[in-house]
Structure formats: structure tokens, C-alpha cells
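Chain and residue survey
Residue strings, one per chain:
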Amino acid sequence: MALLSFQKKLAETVDAALTQLNIPSPGIPTLQSWITIPPSVEKGNLSLPVFRFTPKGENWVLFAQKIVQQLTHTDVFEKFEAAGPYINAFISTAAFNVSIFENTQKAPALPLGDAPLVMVEYASPNTNKPLHVGHLRNIALGVSTARLFEHEGNRVFRTQIINDRGVHICKSMRAYQKWGNGKTPESEKMKSDHFVGTFYVDFTKHAEKDEKLEEEAQQMLLKWEQNDPVVRALWKKMNEWAEKGIFETYEKMGAVFDKNYYESDIYLHGKEVVQKGLEEGLFVKADNGAIMAPLEKKYKVTDKPLVRGDGTSLYVTQDLYLAMKRFEDFPQLEKIIYIVGSEQEMHFKQVFAILDLLGFPQAKKCYHLGYGLVTLPSGKMSTREGTVVNADDLIQELETMAIAEYEKRSPEMAPNEIQRRSKVISLAALKFYLVKQDAKKELVFNPQESISFEGQTGPYLLYTNARIQSILRKSLQKPSIAKSGMLIEKRERELIALLSQKNEIVSSALSHYSPHVLAHYLLELANTFNTYYHETKIIQENSEMEQARLALVQTIHLVLEEGLYLFGIETLKEM
RNA sequence: GGCCCGGUAGCUCAGUCUGGAUAGAGCACCUGCCUUCUAAGCAGGUGGCCGAGGGUUCAAAUCCCUCCCGGGUCGCCA
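Okay, so let's go over this structure.

Here is what the cut-offs are and how they apply
- Residues numbered from 1 in each chain as written.
- Chains lettered and ligands numbered in written order.
- Predicted model: local features only at pLDDT ≥ 70, side-chain atom pairs only at ≥ 80, totals over all residues.
- Heavy atoms only, no water.
- Helix = DSSP H or I, 4+ residues; strand = E, 2+ residues; numbered from the N terminus.
- Buried < 20%, exposed > 50% of the residue type's maximum accessible area, 1.4 Å probe, protein only.
- Contact = heavy atoms within 4.5 Å.
- Axes fitted to C-alpha atoms, helices over the stretch in contact; angles between N-to-C directions.
- Parallel < 35°, antiparallel > 145°, perpendicular 65-115°, else oblique.
- Nonpolar A, V, L, I, M, F, W, Y, C, P; charged D, E, K, R; others polar.
- Near = heavy atom within 4 Å.
- Polar contact = N/O pair within 3.5 Å; in protein donor to acceptor, adjacent residues only side chain to side chain.
- Pairing = 2+ DSSP bridges.
- Right-handed = clockwise from strand over helix to strand, strands pointing away.
- Phe/Tyr/Trp six-rings, centres within 6.5 Å; stacked < 30°, edge-to-face > 60°.
- Lys NZ or Arg CZ within 6 Å of the ring centre and 35° of its normal.
- Lys, Arg positive; Asp, Glu negative; His and termini not counted.
- Salt bridge = Lys/Arg side-chain N within 4 Å of Asp/Glu carboxyl O.
- Patch = residues over 30% accessible without salt bridge, like charges linked within 9 Å, V, L, I, M, F, W, Y side chains within 5 Å.
- Areas by Shrake-Rupley, 256 points an atom, 1.4 Å probe, with all protein chains shown as cover.

1. A closer look at the overall build of chain A
A count of helical and extended segments in chain A gives 22 helices and 13 strands. Counting only C-alpha atoms and orienting by the principal axes, one finds that chain A spans roughly 85 × 70 × 45 Å. Counting over 575 residues, chain A shows a buried share of 53%. Within chain A, contacts between residues separated by at least 24 positions form 74% of all contacts whose residues are at least 6 apart in sequence.

As C-alpha cells, then:
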């Protein structure tokens, strides 16, 4: 029985008591919706405030007492207490513990073939430079969102749009033409996306002094659109480099995709969609020839240009086609989640409105999950000032930190083992740092704090989890859920109360698109466990008690594993 | 100026959707705890007009209104 069933049971019990007292009941579902978890386990497992159904003129403290007197003990509830205006219910320990452990240990059902299909779009890089810490936030949110969807019984299709064309791409290309001298990532011994990125930086630097460069990039784009073989060959070569490097970074972050959409494949089709809308009279032509979508009146968002005055397409042009294509590719799609920075909120409102304007019925199934900008303690990251925190450098730096930590703590450990564990720990630190904060808020990326392994961090959770596994390894007993009724100490009840909330927390993390809710839950669980660990011996003489406690710590271990998995964080058996 | 998001301890953040029992963590600082299941840990202490003012309510960090501060965005960037 899950927590929810106990809540229902309490609501039914109170409802019956009200009936016996001839007091009108607000109804079982309503009573149930008011039930909360008391601030401390000393006050019971469940609590019902009586404010809302105390008859007018009656003192609610007395009213609560009156109801409690009417409540009879059942095999489920061993005690009721009136505490001020609250009715506190104590669930029979054995029944509660056993059912919570069983319920918590139950593995989530794998989504069936006919489960709802959800598309999650995330990452979406440009192929002119390597990923930065902002992309990492996007990836961490994407991985978590996708896994949460799966956990809650959906099939998930992971995708990205690779922005592989446009004037910014031509800038790196032009720079390579001018100063590349036939160099390659291999010849320079550089990660290939970083290699491409150096040319983008070169371009930006030179363009500050040489205005002609911008023009050259524009001309190059024109040639690219005209399929100029020389430009296309260079484009292909450099994009391969960029993409190869970017995918290496994805791999470290656990980002995988079922399908990649390329801007270069679809940008032309966007114009067809717009043209059709124009012919149908849905769009209008501006004086300079630009095609506009009128949205102000019907959708309360500002009008949007769809095609430039010179007939070239915009980002929105392809976004329209891409959405349609995705529903065409996967007609059974229930939902598309676009994980994109919240600075594009207006853009997506407009895109979804235009889709609706075009009579596209799936417009309502599109959702923009915006996340806040990643900034530095010193302010915004800037390419010009060279303050952009590069993803690979960051990952490398974290790993180096972890290695240094191991060399200090365990100098006798084999270097390859240090290497292996450090990789896992540093990635856990990074990923958890990126998801523990509310996605919609700006994230101040503090390098010192992100590499810290203490406190509210991924390594703290890994450490706690490893500690538990060590207990499970060293014990000669087997966990016994059947004996868990013996767990009556305060910390044990606190831990079980936390475990009882796990399912609700996970589904709430998904329904609010707030992975951080789960992150904070895991921290609280780990913290409470560590307190328990210091107070209580788990391996001891009384084998029955040991078996009961093993069931508790094993359940905590499973919840930590499950939670970390949902963040794409790998765990360690030993730390 | 319009719209969106923020403002909670010195710093970084939970809690706000769904009002309810003394407002919570982490970092930093101070004090303790490793011959006993992993000290990347634990316990204790210092630290708060929950941006301001009004309103609703038995009850407001939470709901409503006004204002202030910070960020984002607003027809041819992505």
C-alpha cells in the first residue's frame, strides 16, 4: 500500500466519524486533499487540519478533540491524537513499514509499445564552436526530463536540431580559408570542435578591425546557398570536425539521440510552408517584401516576420516546418518538449501560435521548457572577453580535482582505479550541480562551488550510497522487510516517512518539469541517513534487528540509485 | 513603455503552483567527534522586518493590488 492509500483510509475514517456525530462531512476526496505530513514524526504519519470543516462558532481545538474521541482504532491506525487544530494519525508501524518498503522497492514498469510517445529536444548546438557550460545545463535538463518521462510510463524519443548552416558557420569557414593553411585537428592535436572554434574566434578578432570580413562571410553564405562546390566541400569538412567533437562531449554527459535533425536539410522547406500560408491569406506581405504573421489580435503576442524582405529564411521559418515534419515522422507523438533557453520564450510562443494559425492541430502539443541563463559571478559570459566556460575544459578540470583528492586520500590506490572513480565523481558533481537548481532561474555558475565535493553535491550522494553498499557487503545477514516492524526509533521513522514520499516526489518533478525537486529530496534522504548512520549501529549482535535495518538501508540505497539514474548520474560501489 | 522570470541568512539556494504546527539546507566562520558498519561524514553554535507598502483570511514567504530593484524579451538574430 502506498502513502496515498493510507491517506484515503484516514479520510474515510474521519468521514465516518463525522457521520456518526451528525456533522456534515466535506466528502472523502476533499478530506483526503487536506491531509498533510506532520512536521515531525513524533506527531504521527499523517495529519488532517480541521480548520475548513469546523462548524461555525465552534472552537476548532475542541472540535479536533471531539473527532479524535470518535475515531476508533483499526488494524491500520494504532493511534489518533488531537494536537491543537490537527488530527494526527499514527499508522501501525509494522503495516506502514512493510508496505512502504515493498512499494518503494517496486521497480517502475517499463513503458509498453503503446505507451504515450514524447519527444524531447535538447542540446541543439551550432557547428562553429564547442559547447559551453550553458549547453551542459541544457543537456543535464534534457537527460533528466527524458528519463523522468520514461520513469512515469512514457516512451521517449530524444532529438536535437543541429544548427549547421548560416552566417555564423561561414565565419569559421572564411577564417579557415584565410588562415587555416591546411591545418587539421590531427596536425594540431586538438579536439576537433575546439579546432573549428579557434577559427571562429580568429574571425571575430579580425572582424573588429576589418569590416570587409563580415561581408565576405555573407558572400560565402550566398555561395553556400547556391551550392558552390568549393564552399560546400569546406563546409562539409569543418562540420564533420565540429560535430565529431561535440558528440564526444555528449558522450561524457550521457546525452544520446534517437534522431538528429539538421538545419541544412530543412531550412528550405520552411519557405514553402510560409508561401502556402501567404496564398491562403493567413500571412501578409510588408512593404519591403517581408512576410509577416499577424498574431497580435488573436494570440496576444507580437507579430512575427517569417521571411526577410530579400526572401531569405529566418530561424522561425525552419522551426515551423520542423514541428510539422516531426509530427509527420511520428504521427503518434503526444507531446514535444523543446528544452531551450528562456530568452527564446517569446519566439516559441510565436512559433506555436503560427502553427495554430496555420490550422495545425498538434500546435497544442508543443511545449517550450525554458531554462535560465548560466552566468558567472562576474556577470554574463562573453566570447569577446574570453570568459565563456568551455564544457570540455570544465569536465577536465573537475576530473583533475577528483584525482588530486584521491591521491591525497588514498595514495596506495591503483592509478587506473583512481582514474575510473574520478571520472564518475566529477561528472556526478557537474550534473548534479546543474539540476539541483530550479531550471527557470538563472544559474550563477561558481567554478569553486561546482568543483566542491562537499555539502549539497553529487559526490555527497555517491558517498552516502557507497557507504550503504559497504554495510550491505559487510553484513552476514539478509535484509528482511517482514521484520521491518521493529524499526521504531525516531530516525528510522523519519527515514521511512521520507521513503514514503518518493513516488509523489518523482511524479511531481516531472509534472512541473522541475528535476530540482527530486534533487533536494535525495539530499534530504542522504542527510537523514548519514545522521542515522552516526547514531545507530546497523551490523550488530541481534540478527533480527540487523535484518530489519538492512531492509531500511537497502531501500534507501535503491532510492538513491534510482534518483541518480534519473539525472543520468552513474554511481560507485566504493568511494 | 508592454509582456515574462527573479528578489528568502554574509554568499548560493529549497519552500510559493495546492495558505496551516517553531521559515529550512549547503558554503563560509566558531566548537566538538575517526582503535568500533567509509570523516567526500556527523553534532552543536553564530547568522532572517522572506524587496517595500496595502488588501483578503481564523491563518500569508505562499493568494490579490500598487510600487522598488535585477535579468530576459518586444516584425525581418539564433
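2. Overview of the packing of helix α6 (residues 167–179) against helix α9 (residues 212–225)
Between two packed helices, both the angle of their axes relative to each other and the distance between the axes serve to describe the pair. In contact at an axis separation of 8 Å, α6 and α9 are set at 110 degrees when each is read in the N-to-C sense. Considering their axes alone, α6 and α9 lie roughly perpendicular with respect to each other. Residue-level contacts link Val 167, Cys 170, Lys 171, Met 173, Arg 174, Gln 177, Lys 178 and Trp 179 of α6 to Leu 213, Glu 214, Glu 216, Ala 217, Gln 218, Met 220 and Leu 221 of α9. The residue makeup of the contact of α6 with α9, split by class, is eight nonpolar, two polar and five charged.

3. Considerations on the protein's contact with RNA strand B
Contacts to RNA strand B come from 61 residues, most closely from Tyr 86, Asn 288, Arg 409, Tyr 463 and Ser 470. Backbone atoms, meaning sugar plus phosphate, form 63% of the atoms of RNA strand B positioned within 4 Å of the protein. Separating a sugar or linking oxygen of RNA strand B from a side-chain N or O atom of Gln 456 is a distance of 2.7 Å. Backbone polar atom of Met 575 to a base oxygen of RNA strand B: 2.7 Å apart, as the coordinates give it. Elements represented by at least two residues in the surface near RNA strand B include exactly β3 (86–91), α14 (345–357), α15 (391–409), α18 (458–474) and α21 (515–535). For the surface near RNA strand B, the per-class residue count stands at 23 nonpolar, 19 polar and 19 charged.

4. Overview of the pairing of strand β10 (residues 333–341)
Consecutive side chains along a regular strand alternate between the two faces of the sheet. In terms of burial, β10 is largely enclosed, as seven of its nine residues are buried. In this structure, strand β4 (residues 117–121) lies alongside β10, joined through five bridges in parallel fashion. Paired with Met 119 across the strands is Ile 336, a residue of β10. Bridging between β10 and strand β11 (residues 366–371) involves six bridges; their strand directions are parallel. When the sheet's bridge partners are listed, Ile 336 is paired in β11 with Cys 366. Taken together, β10, α14 and β11 form a β-α-β motif whose crossover is right-handed.

5. Comments concerning the packing of aromatic side chains
Summed over the entire model, instances satisfying the criterion amount to 26 aromatic pairs. Considering the side-chain rings of Phe 53 and Phe 63, the 5.8 Å spacing of their centres and the 75 degrees angle between planes classify their relative orientation as edge-to-face. Here Phe 53 is found in the loop between β1 (46–49) and α3 (60–70), whereas its partner Phe 63 is found in helix α3, with ten residues between them in sequence. The exposure class of Phe 63 is buried, given its relative accessible area of 0%. What links up through ring pairs into an aromatic cluster is the set Tyr 122, Phe 247, Tyr 250 and Phe 257. Between the NZ or CZ atom of Arg 165 and the centre of the ring of Tyr 267, over which it lies, the distance is 4.2 Å. Here Arg 232 stacks its cationic end above the ring of Trp 224, 3.8 Å away from the centre of that ring.

6. So, the side chain of Asp 164
Here Asp 164 lies in the loop between β5 (155–162) and α6. Summary of buried charges: Asp 164 has no salt-bridge partner, and the nearest side chain of opposite charge, Arg 165, is 6.1 Å away. Side-chain polar atoms of Asp 164 contact the side chain of Ser 264, separated by 2.6 Å. Once residues lying within four places of it in the same chain are set aside, the contact partners of Asp 164 are Thr 127, Ile 169, Trp 235, Asn 239, Tyr 262, Glu 263 and Ser 264.

7. Brief notes about a nonpolar patch on the surface
A cluster of nonpolar residues, Phe 51, Trp 60, Val 61 and Tyr 86, forms a patch on the protein surface that exposes about 340 Å² of accessible area. Residue class for Tyr 86 comes out partly exposed when judged on its relative accessible area of 33%.

8. Examining the sheet that holds β3
Taken together, three strands build an open sheet; the order of strands is β1-β3-β2 and the sheet is antiparallel. Each edge of the sheet is formed by a strand with only one pairing partner; in this case those strands are β1 and β2 (77–83). The mean angle between the axes of side-by-side strands here comes to 20 degrees, regardless of whether they run parallel or antiparallel. Taken together, the six bridges between β2 and β3 define a ladder with antiparallel strand orientation. For Phe 80, the partnering residue across the bridge sits in β3 and is Ala 89. Across the sheet, helix α1 (residues 3–20) lies against β1, β2 and β3, angled at about 65 degrees from β2, the strand it touches most.

9. Topic: the pattern of salt bridges
Taken as a whole and judged by the stated rule, the model has 29 salt bridges. A salt bridge links Lys 325 to Asp 329, with the shortest nitrogen-to-oxygen separation between them at 3.3 Å. Taken as a pair, Lys 325 and Asp 329 lie in helix α13 (residues 315–329) at a separation of four residues, close to a single helical turn. When the shortest N-O distance is used, the salt bridge between Arg 549 and Glu 492 registers 2.9 Å. You can see Arg 549 sitting in helix α22 (residues 543–566) and its partner Glu 492 sitting in helix α19 (residues 490–500), a full 57 residues away along the chain. In terms of burial, Arg 549 and Glu 492 fall into one category: buried. Through salt bridges with shared partners, a single network forms among Lys 191, Asp 193, Lys 252 and Asp 392.

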